[in-house]
Amino acid sequence: MAALGWLTPRRRSATARSVLAGEASAEAARKSSQELEELAHEAAPAGTEPEFPVVGDDKAAAFFDLDNTVMQGAALFHFGRGLYKRKFFETRDLYRFAWQQAWFRLAGVEDPEHMQDARDSALSIVKGHRVSELMSIGEEIYDEYMAERIWPGTRALAEAHLDAGQKVWLVTAAPVEIATVIARRLGLTGALGTVAESVDGVYTGKLVGEPLHGPAKAEAVRALAAAEGLDLGRCAAYSDSHNDIPMLSLVGHPYAINPDAKLRKHARKLDWRLRDYRTGRKAAKVGIPAAAGVGAVAGGTAAAIALHRRRR
């Protein structure tokens with residue numbers, strides 16, 4: 001289990017390890033989605049049909065980044081808080097998680113050194129634990145720390161795709177087990193995430209390929225689309241980070257959600273749709289359901305500072 005949403009390869013183009021990580025994530029996502037698909041259809045609320053996505057287009061799907069796109073902050077930081085509460089690691093490790101989260105929210109960037117540190121920390125924490133144990137704990141931690149941090153506006157976008165009869169996938173550098181729990185709780189189809197190696201259901205402390213970040217995300221989406229028979233030109237993707245430009249560039253309907261400065265600039269240059277739920281700003285509204293504007297939340301500066309103070 002690795003990749004705290006902080007992990008990024010220093011290389012910008014896809015490598016053999018990126019392809020391996022993407023294909024492994026796609027395979028894991030398809031397996032988990034078999035159970036989630038029925039729940040997703042049951043949970044999808046009835047309502048009027050939005051102009052976009054196109055209703056009944058079974059060759060289209062939606063791919064959502066997780067950290068700061070669907071949820072405020074980094075998923076694995078919140079997961080780390082839950083593991084600390086359950087005495088999986090020491091106080092000094094929690095401070096490191098808190099610092100990484102504060103940097104992520106205050107600076108709005110993903111620092112490679114922080115990501116590498118987070119990756120190594122996560123692998124050492126889960127080594128020797130059973131996959132089923134972490135999945136069970138993930139359910140509890142979602143209720144404790146994550147549920148209240150879901151952006152209502154982004155969730156409305158995902159539900160619009162479900163209402164249109166399309167599959168919706170999370171695509172994240174967070175471990176696929178955590179991502180799958182979040183996807184199920186949100187009523188989504190499934191999740192693409194970093195795949196940690198396990199033998200007989202026990203984590204070995206190694207990754208399959210590399211963290212699902214940057215080019216690896218694009219490879220995972222490409223692999224899943226091929227397996228599912230999707231037309232990427234009819235699919236949509238949503239992200240806050242310029243690191244996900246490779247994934248956003250794959251689809252015919254890219255969206256910049258709560259974008260960082262580089263992604264905002266890139267999106268404006270290419271006339272991609274924009275939406276920012278952090279301040280209530282509304283960018284291009286074309287093709288976005290009105291319900292997606294509900295529930296914008298103020299930025300995370302105060303929350304990051306308050307967390308640091310509580311842990312002192």
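Residues numbered from 1 in each chain as written. Predicted model: local features only at pLDDT ≥ 70, side-chain atom pairs only at ≥ 80, totals over all residues. Heavy atoms only, no water.

S.K.: I keep staring at helix α6 (residues 152-163) and nothing clicks. Help me out?
M.R.: Along an α-helix, residues three or four apart share an orientation, since each turn contains 3.6 residues. The terminal C-alpha atoms of α6, which comprises 12 residues, lie 16 Å apart, in line with the 16 Å expected from a rise of 1.5 Å per residue. Taken together, the buried positions of α6 are occupied by Gly 153, Thr 154, Ala 156, Leu 157, Ala 158, Ala 160, His 161 and Leu 162. (Helix = DSSP H or I, 4+ residues; strand = E, 2+ residues; numbered from the N terminus. Expected span 1.5 Å × (residues − 1). Buried < 20%, exposed > 50% of the residue type's maximum accessible area, 1.4 Å probe, protein only.)

S.K.: What am I meant to see in the pattern of salt bridges here?
M.R.: If the charged atoms of two oppositely charged side chains come close together, the side chains can form a pair. Taken as a whole and judged by the stated rule, the model has 16 salt bridges. A salt bridge links Asp 57 to Arg 234; the shortest N-O distance between them is 2.7 Å. Of the two residues, Asp 57 sits in the loop between α1 (16-43) and β1 (61-64) while Arg 234 sits in the loop between α8 (215-228) and β6 (236-239), which places them 177 residues apart along the sequence. The exposure class assigned to Asp 57 is buried, which follows from its relative accessible area of 11%. Look at Arg 234 and you get partly exposed, because its relative accessible area is 37%. For the salt bridge of Asp 244 with Lys 217, the shortest nitrogen-to-oxygen distance reads 3.1 Å. Here Asp 244, found in the loop between β6 and α9 (245-248), pairs with Lys 217, found in helix α8; they are 27 residues apart in sequence, far enough to count as distant. Assessed through its relative accessible area of 3%, Lys 217 is described here as buried. The network of salt bridges with common partners includes Lys 85, Arg 86, Glu 140 and Glu 144. (Salt bridge = Lys/Arg side-chain N within 4 Å of Asp/Glu carboxyl O.)

S.K.: Help me understand the sheet that holds strand β8 (residues 273-275), please; the structure alone is not making it clear to me.
M.R.: Strand pairing in a sheet relies on backbone hydrogen bonds, with the paired strands running either antiparallel or parallel. Read from one edge to the other, the open sheet built from 6 strands follows the order β3-β2-β1-β6-β7-β8, with strand pairing classed as parallel. Each edge of the sheet is formed by a strand with only one pairing partner; in this case those strands are β3 (190-194) and β8. Here the strands of the sheet are splayed against their neighbours by 20° on average, with no regard to which way each runs. Taken together, the 3 bridges between strand β7 (residues 253-257) and β8 define a ladder with parallel strand orientation. Looking at β8, one finds that Ile 257 is bridged to Arg 275. Sitting on the sheet, α6 touches β1, β2 (167-175), β6 and β7, and the angle it makes with β1 is about 160°. (Pairing = 2+ DSSP bridges. Axes fitted to C-alpha atoms, helices over the stretch in contact; angles between N-to-C directions. Contact = heavy atoms within 4.5 Å.)

S.K.: Looking at this structure, I do not really get the environment of Ile 245. What am I missing?
M.R.: Here Ile 245 shows up in helix α9. For Ile 245, a relative accessible area of 19% translates into the label buried. In sequence terms Ile 245 and Pro 215 are 30 residues apart; their C-alpha atoms lie 8.6 Å from each other. In contact with Ile 245, not counting residues within four places along its chain, are Leu 263, His 266 and Trp 272.

S.K.: Looking at this structure, how should I read the nonpolar core?
M.R.: General note: in soluble globular proteins, nonpolar side chains tend to be found buried as a group. Of all hydrophobic cores here, the largest spans 44 residues; its most connected members are Phe 64, Leu 83, Leu 170, Ile 182 and Tyr 238. The element contributing the most residues to this core is helix α5 (residues 131-146), with 7 residues. In terms of nonpolar packing, the next biggest core, distinct from the first, is built from 29 residues, Ala 26, Ala 61, Leu 248 and Ala 267 among them. (Core = buried A, V, L, I, M, F, W, Y, C linked by side-chain atoms within 4.5 Å.)

S.K.: Whenever I open this one, unusual backbone geometry confuses me. Can you help?
M.R.: If a residue is not glycine, its phi is most likely negative; likewise, a peptide bond is most likely trans. Of note in this structure, Asn 68 is not a glycine but carries a positive phi near 65°. When you line up the elements, Asn 68 lands in the loop between β1 and α2 (75-85). You can call Asn 68 buried: its relative accessible area is 15%. A positive phi angle, near 55°, is found at Asp 200, a position not held by glycine. Relative to the assigned elements, Asp 200 resides in the loop between β4 (196-199) and β5 (202-207).

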